[in-house]
Amino acid sequence: MTDILTRKTGRAGHITLTRPKALNALSWEMCLEAERALDAWAEDPEVALVILDATGERAFCAGGDIAEMYRRGLDGDLDFGRRFWSDEYRMNAKLAAYPKPIIAFLHGFVMGGGVGLGGHCSHRVVGESAQVAMPECGIGFVPDVGGSFLLARAPGRLGAHLALTAARMGPGDAIHAGFADVFVPEERWPLVKERLIETGELSALEEVARPAPASPMAQAQDEIDALYAAGELTAIEAALASSESDLAQAALKQVRRNSPLSMATTLAMLDRLGPAPEDITAALAQEYRVAHRIMQQGDFLEGVRAQLIDKDRTPHWSLPLDGVPQERVAALLAPLGEDELAL
């Protein structure tokens, strides 16, 4: 069976990730196949809307399949990763600008590349099992696939907290943070999909929507805003260290574990985007500048080795937390000239 299934059924185009044993990790070919289907349906009069979902109980999509990217990069082949990221980001932009409704059903792990696939759709449905996160700083990368756009738009300083700690959002948190739109109990999903396919009308979704569960992050919003107010990595660490709250101490543990260069670069990315960006393409272009250079100038290869390949969980980062030169950050974010992302 293929890792992704695309078909037209009734009034809907339907894209299903079918790689549950790998938590539906998104491969390059899966990205390209999803894009081909979206392009084919954009002006197809038979397709009123698109349904995006995944098989298996554990994950909608737990991230991008970066093992091959790591192996190629280790051998000096930087072009493979660059082309993968370029194609993936182009798909992310198409999802955000798609001319027809896309209803994404987000269950279980929705992380990294999964956020890029489901997080920019017009109608993002979460159920009770949803666990949404952007964990890239833990592998020496930065939030990408348009994730920086969503983080920048999150309330207050919540985006910085989510990026620096990879904190997982349940359904209520995901809606509060702007990573999802509506809560529907998962037992109702088969019925609502049937109705969407049959009618091509969004009213089928509106009828089964329920109030969002409570959001612990919403309740902690004032504390998060205060802890991350400084906007600079060492100052944030100091603020976390000076607080005895459970939230601050858990965040401090993660900040001290993740790549300092990645975290500092992420904060700079969010600062450049501003608090309420409207254009995802600017975020994707900025992310691609980092992606284009990350294997040579960042901690990506070491982070992937430690977390996903050797799994020793002891990465040797290139810089200490209190020693990230702004020149290193600026170099990662500098324009690429003729190599800029083309969308």
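For the structure, check the block above.
Asker: Is there a simple way to explain the overall build of the chain in this structure?
Answerer: Within the chain one finds 17 helices and nine strands. The C-alpha radius of gyration computed for the chain amounts to 19 Å, which stays within 12% of the reference 20 Å derived for 343 residues, consistent with globular compactness. Considered along the principal axes of its C-alpha atoms, the chain spans approximately 60 × 45 × 35 Å. Of all 343 residues assigned to the chain, the portion counted as buried reaches 56%.

Asker: Looking at this structure, I do not really get the pattern of salt bridges. What am I missing?
Answerer: Side chains bearing opposite charge may pair, as long as their charged atoms lie close to each other. Tallying each qualifying case throughout the model produces 23 salt bridges. A salt bridge links Arg 153 to Glu 278, with the shortest nitrogen-to-oxygen separation between them at 4.0 Å. In this pair, Arg 153 sits in helix α5 (residues 147-153) while Glu 278 sits in the loop between α14 (260-273) and α15 (280-297), placing the two residues 125 residues apart along the sequence. According to the relative accessible area criterion, Glu 278 is exposed, its value standing at 68%. Between Arg 305 and Asp 312 there is a salt bridge, with its nearest N and O atoms 2.6 Å apart. Given the relative accessible area of 14%, Arg 305 is considered buried.

Asker: Where do I start with the sheet that holds strand β8 (residues 131-133) in this structure?
Answerer: The parallel open sheet is built from three strands, whose spatial order is β4-β6-β8. This sheet does not close on itself; its edge strands, each paired only once, are β4 (59-61) and β8. Each neighbouring strand pair of the sheet contributes to a mean axis angle of 15°, computed without reference to strand direction. When β4 meets strand β6 (residues 109-111), the two strands line up parallel, connected through two bridges. Residue pairing for β6: Cys 61 is matched across the bridge by Val 110.

Asker: Would you mind showing me how to read the nonpolar core here?
Answerer: As a rule of thumb, nonpolar side chains are buried together in soluble globular proteins. By size, the foremost hydrophobic cluster in this structure holds 100 residues, and its most contacted members are Trp 85, Phe 179 and Phe 300. Once residues lying within four places of it in the same chain are set aside, the contact partners of Phe 300 are Ile 66, Met 69, Trp 85, Ile 139, Gly 140, Phe 141, Ile 294 and Met 295. Counting residues in each nonpolar core, the second largest holds 15 residues, with Ala 12, Phe 105, Val 184 and Leu 196 among its members.

Asker: Sorry, what's going on with the side chain of Gln 221 here?
Answerer: Tracing the backbone through its elements, the reader meets Gln 221 in helix α11 (residues 221-227). Within the local environment of Gln 221, its side chain forms a polar contact with the backbone oxygen of Pro 155, the two atoms lying 3.1 Å apart.

Asker: Please clarify how the pairing of strand β7 (residues 123-126) should be interpreted in this entry.
Answerer: The side chains of a regular strand alternate between both faces of the sheet. As paired strands, strand β5 (residues 102-106) and β7 are joined by four bridges and run parallel to one another. Bridging across to β7, Leu 106 finds its partner in Val 126. Two elements, β7 and strand β9 (residues 182-183), share two bridges in a ladder whose sense is parallel. Paired with Val 126 across the strands is Phe 183, a residue of β9.

Asker: So what exactly am I meant to see when it comes to the layout of surface pockets here?
Answerer: The calculated volume of the largest pocket comes to roughly 1,100 Å³. Together, 37 residues line the largest pocket, and Ala 62, Pro 135, Ile 139, Gln 307 and Leu 308 are the ones closest to its centre. Here the element with the most residues in the lining of the largest pocket is helix α16 (residues 300-309); it accounts for four residues. Among the residues forming the lining of the largest pocket, the class breakdown is 20 nonpolar, nine polar and eight charged.

Criteria and thresholds
- Residues numbered from 1 in each chain as written.
- Predicted model: local features only at pLDDT ≥ 70, side-chain atom pairs only at ≥ 80, totals over all residues.
- Heavy atoms only, no water.
- Helix = DSSP H or I, 4+ residues; strand = E, 2+ residues; numbered from the N terminus.
- Rg over C-alpha atoms; globule rule 2.2 N^0.38 Å.
- Buried < 20%, exposed > 50% of the residue type's maximum accessible area, 1.4 Å probe, protein only.
- Salt bridge = Lys/Arg side-chain N within 4 Å of Asp/Glu carboxyl O.
- Pairing = 2+ DSSP bridges.
- Axes fitted to C-alpha atoms, helices over the stretch in contact; angles between N-to-C directions.
- Core = buried A, V, L, I, M, F, W, Y, C linked by side-chain atoms within 4.5 Å.
- Contact = heavy atoms within 4.5 Å.
- Polar contact = N/O pair within 3.5 Å; in protein donor to acceptor, adjacent residues only side chain to side chain.
- 1 Å grid on protein atoms, 1.4 Å probe; cavity = no way out; pocket = protein on both sides within 12 Å on 5 of 7 lines; lining within 4 Å.
- Points joined across faces, edges and corners; volume = space filled by probe spheres on them.
- Nonpolar A, V, L, I, M, F, W, Y, C, P; charged D, E, K, R; others polar.

That is the geometry; function is a separate question.
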